[in-house]
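The residues making up each chain are set out below.
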Amino acid sequence: MTDHRKNKIMIVAYPNQGHINPSLRFAKSLVKMGVDVTFSTSVSVIRRIDMQTTHHSLTFAPFSDGHDDGQKSTTTFQQHYSDFATNGVYAVKEIISSAAATGQPFDDLVYTSAVPWAAKVAHAHNLKSTLLWCQPASVLDIYYYYFNGYEELISCNNNNPTFPINLPGLPSLTIADLPSFMWSSCPKEHKFIMDFMKDHVDVLKIFPRILVNTIDELEIDPIRAIEKVVMLPVGPLVPSELFEGSGPSNSPFSCDLFEKPIEDYIKWLNTKPKSSVVYVSFGSMATLSIEQVEEMASGLVESGRPFLWVIRDSGQVGKLSKIEELKKQGMIVSWCSQVEVLNHQAIGCFLMHGGWNSTMEALATGVPTVVYSQWSDQATNAKMIEDVWKTGVKVKRRKEDGMVEGKEIKRCVEMVMEDEEVRRNAKKWRELARKAISNGGSSAINLKAFLDDA
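Here is what the cut-offs are and how they apply
Residues numbered from 1 in each chain as written. Predicted model: local features only at pLDDT ≥ 70, side-chain atom pairs only at ≥ 80, totals over all residues. Heavy atoms only, no water. Helix = DSSP H or I, 4+ residues; strand = E, 2+ residues; numbered from the N terminus. Contact = heavy atoms within 4.5 Å. Areas by Shrake-Rupley, 256 points an atom, 1.4 Å probe, with all protein chains shown as cover. Lys, Arg positive; Asp, Glu negative; His and termini not counted. Charge placed at Lys NZ, Arg CZ, Asp CG, Glu CD. Core = buried A, V, L, I, M, F, W, Y, C linked by side-chain atoms within 4.5 Å. Buried < 20%, exposed > 50% of the residue type's maximum accessible area, 1.4 Å probe, protein only. Pairing = 2+ DSSP bridges. Axes fitted to C-alpha atoms, helices over the stretch in contact; angles between N-to-C directions. Phe/Tyr/Trp six-rings, centres within 6.5 Å; stacked < 30°, edge-to-face > 60°. Lys NZ or Arg CZ within 6 Å of the ring centre and 35° of its normal. Expected span 1.5 Å × (residues − 1). Salt bridge = Lys/Arg side-chain N within 4 Å of Asp/Glu carboxyl O. Parallel < 35°, antiparallel > 145°, perpendicular 65-115°, else oblique. Left-handed = near helix turned anticlockwise from the far one by under 90°. Nonpolar A, V, L, I, M, F, W, Y, C, P; charged D, E, K, R; others polar.

## Quick look at the overall build of the protein chain
Logical step 1: When its secondary structure is counted, the protein chain shows 19 helices and 15 strands.
Logical step 2: Taking the principal axes of the C-alpha coordinates as reference, the protein chain spans close to 65 × 50 × 45 Å.
Logical step 3: Pairs at least 24 residues apart make up 66% of the contacts formed inside the protein chain by residues separated by at least 6 positions.
Logical step 4: Element-wise, carbon and sulfur atoms account for 50% of the exposed surface of the protein chain, whose accessible area totals about 19,100 Å².
Logical step 5: Of the charged side chains in the protein chain, 47 are positive and 53 negative; the average position of the first set lies 3 Å away from that of the second.

## Quick look at the nonpolar core
Logical step 1: Grouped together as the largest cluster of nonpolar side chains are 59 residues, with contacts concentrated most on L109, W117, W133 and I210.
Logical step 2: Ranked by the residues each element gives to this core, the list is headed by helix α5 (residues 137-156), at 10 residues.
Logical step 3: For L109, the residues in contact, after removing those within four places along its chain, are M10, V12, V92, I96, A118, A122, L127, K128, S129 and T130.
Logical step 4: Core analysis: the next-biggest nonpolar cluster, separate from the first, contains 32 residues, V310, M360, A362 and V367 among them.

## Points about the sheet that holds strand β13 (residues 347-352)
Logical step 1: The sheet built from six strands is open, its strands ordered β12-β11-β10-β13-β14-β15 with parallel pairing. At either end of the open sheet lies a strand with only one pairing partner, and these are β12 (331-333) and β15 (392-394). Each strand axis lies, on average, 15° off the axis of its neighbour in the sheet, ignoring direction.
Logical step 2: Relative to β12, strand β11 (residues 307-310) runs parallel, the two sharing three bridges. Of the residues in β12, the one forming a bridge with W309 is I332.
Logical step 3: Contacting β10 (277-280), β11 and β13, helix α11 (residues 290-303) runs over the sheet at an angle of about 170° to β11.

## What about the packing of aromatic side chains?
Logical step 1: Under the counting rule described, the total for this entry stands at 20 aromatic pairs.
Logical step 2: Each residue in the set Y14, F63, F77, Y81, F84, W117, F181, F192, F196 and W375 is aromatic and connected to the rest through ring pairs, giving one cluster.
Logical step 3: The cationic tip of K8 hangs over the ring face of F106; the distance from NZ or CZ to the ring centre is 4.7 Å.

## Let's talk about the environment of I437
Logical step 1: Structurally, I437 is set in helix α18 (residues 420-437).
Logical step 2: I437 sits in the partly exposed class, given a relative accessible area of 32%.
Logical step 3: A sequence separation of 201 residues divides I437 from P236, and the C-alpha atoms of the two residues are 7.4 Å apart.

## Observations regarding unusual backbone geometry
Logical step 1: Of note, the bond from G235 into P236 is cis; its omega dihedral lies within 30 degrees of zero at 0°.
Logical step 2: The topology assignment puts P236 in the loop between β9 (230-233) and α8 (241-244).
Logical step 3: Within the chain, N126 stands out as a residue other than glycine whose phi angle is a positive 55°.
Logical step 4: Within the fold, N126 resides in the loop between α4 (116-124) and β5 (129-133).

## A look at helix α6 (residues 192-203)
Given 3.6 residues to a turn, an α-helix orients residues that are three or four positions apart in the same direction.
Logical step 1: In this model, α6 (12 residues) spans 17 Å end to end at C-alpha, consistent with the 16 Å of a helix rising 1.5 Å per residue.
Logical step 2: For α6, the set of buried residues is F192, I193, M194, F196, M197, H200, V201 and V203.
Logical step 3: The inward-facing, buried residues of α6 abut α3 (77-101), β4 (108-112), α4, β5 and α5.

## Here we look at the sheet that holds β4
Logical step 1: Across the sheet, seven strands lie side by side as β3-β2-β1-β4-β5-β8-β9; this open sheet has parallel pairing. Each having just a single partner strand, β3 (58-60) and β9 make up the two edges of the open sheet. Each strand of the sheet is rotated relative to its neighbour by a mean of 25°, with strand direction disregarded.
Logical step 2: Where strand β1 (residues 8-12) lies against β4, four bridges are found, and the strand directions are parallel. Bridged to M10 within β4 is L109.
Logical step 3: Packing of α3 onto the sheet brings it into contact with β1, β2 (36-40) and β4, and relative to β1 it is tilted by some 175°.

## Digging into the pattern of salt bridges
Logical step 1: All told, the structure shown has 18 salt bridges when counted by the stated rule.
Logical step 2: A salt bridge links D108 to R209; the shortest N-O distance between them is 2.7 Å. Separated by 101 residues along the polypeptide, D108 in strand β4 and R209 in strand β8 (residues 209-212) bring together distant segments of the chain. Residue D108 shares its accessibility class with R209, and that shared class is buried.
Logical step 3: Here D202 makes a salt bridge to K205, at a shortest N to O gap of 3.6 Å.
Logical step 4: According to the relative accessible area criterion, D202 is partly exposed, its value standing at 27%.
Logical step 5: Since its relative accessible area comes to 66%, K205 is described here as exposed.

## Description of the packing of α11 against helix α17 (residues 406-418)
Logical step 1: Across the interface, α11 lies against α17 with an axial gap of 7 Å and an inter-helix angle of 45°. In terms of orientation, α11 lies oblique with respect to α17. Relative to α17, α11 is oriented so that their crossing is right-handed. Between α11 and α17, the contacting residues are E295, M296, S298, G299, E302 and S303 on the first element and G406, I409, K410 and E414 on the second.
Logical step 2: Residue classes in the contact of α11 with α17 are distributed as two nonpolar, four polar and four charged.

## Describing the side chain of N7
Logical step 1: With respect to the helices and strands, the residue N7 is situated in the segment before β1.
Logical step 2: For N7, a relative accessible area of 1% translates into the label buried.
Logical step 3: In contact with N7, not counting residues within four places along its chain, are V35, D36, D107, L451 and A454.

Encoded structure:
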């Protein structure tokens, strides 16, 4: 492989798990190719990464976003985003200027979703920038179309979930399949997100190249749908251990944002038959009501299958009425290494929120999914999983309150665990994901093309 040691790249990542994990994995891929990488995000995130196990070519450049002890529950998402942007602009300017002053300027600035201001800073310093999009290409297309000719159609019909939306290069969609920020039911405090999505689309006029955490075969048409931008699939950005067949390591790229498991869930999984366990996790941001958690518990108990369920809120666990039955049938943990769990042969299905990292990890490990989407891109991902890639199903909600009943959880879990076609498709995508990042694969070729142009 070509030595890209001449390349010096800065990565600016938004400080939440859905952005940090793929961008750290991307950094690792660059380092393996001989690139010097500077990884910049908030102090609170960098503190959680084990520096002892990182590669010498990976430099961390933390900055204070005003929330050095992490985001407090009283801080709104909008305030946190605004503080990160305000402090980040100043910090990134300093890092770029310092590198140039020492005669070792950066060749490219890579910024994640939610950090469009970084592209403007790069542009002001005559530095190329590239968006690392941490959602599917299809979702970026939807945002692009929204701000380029489709805003009126969508916003005039956004209170009708079944209204059809046909966008070039994408499968047939309805309002309900679009990102949640476009729905009439979107909470007012999330409305500002469309503003920075517009910023993302606008800065693509300056630097129209995008690295996407997807694989070519997964989104052939969406990747090529927009003539004015160049999308380079470089996914799946999952830990390389998944493809190397090695056991878990202490690298920050496998554990990502460090947590230490208290319970020995792997030992428990080792006692279960192949493809028998339902893994349940709703990511780092989603919080379900106690009523919904009760329904989930009821569905899992009625399914009669062993399960590994991640519930971060210990208070909720204590309130569960079926707790004794649940403990007999499965295991509840407050945290686990998701990639390690998904890679375990005992896992037969993944009941999840449909976040893109979880979706890519499920595809890369060949695990079928049941999707209970919450917000953002998750409804679009669920649509693709069920109707395009056919590796799982979406849950159906009760019309009156949006709740998912226990019997629906049971129905979906049984359907996915027993459907041979779904399992075959999951296996097919796993093989295509492996092929994409292997030497000569589409993602490996695209990564090299990016570096050759940096």
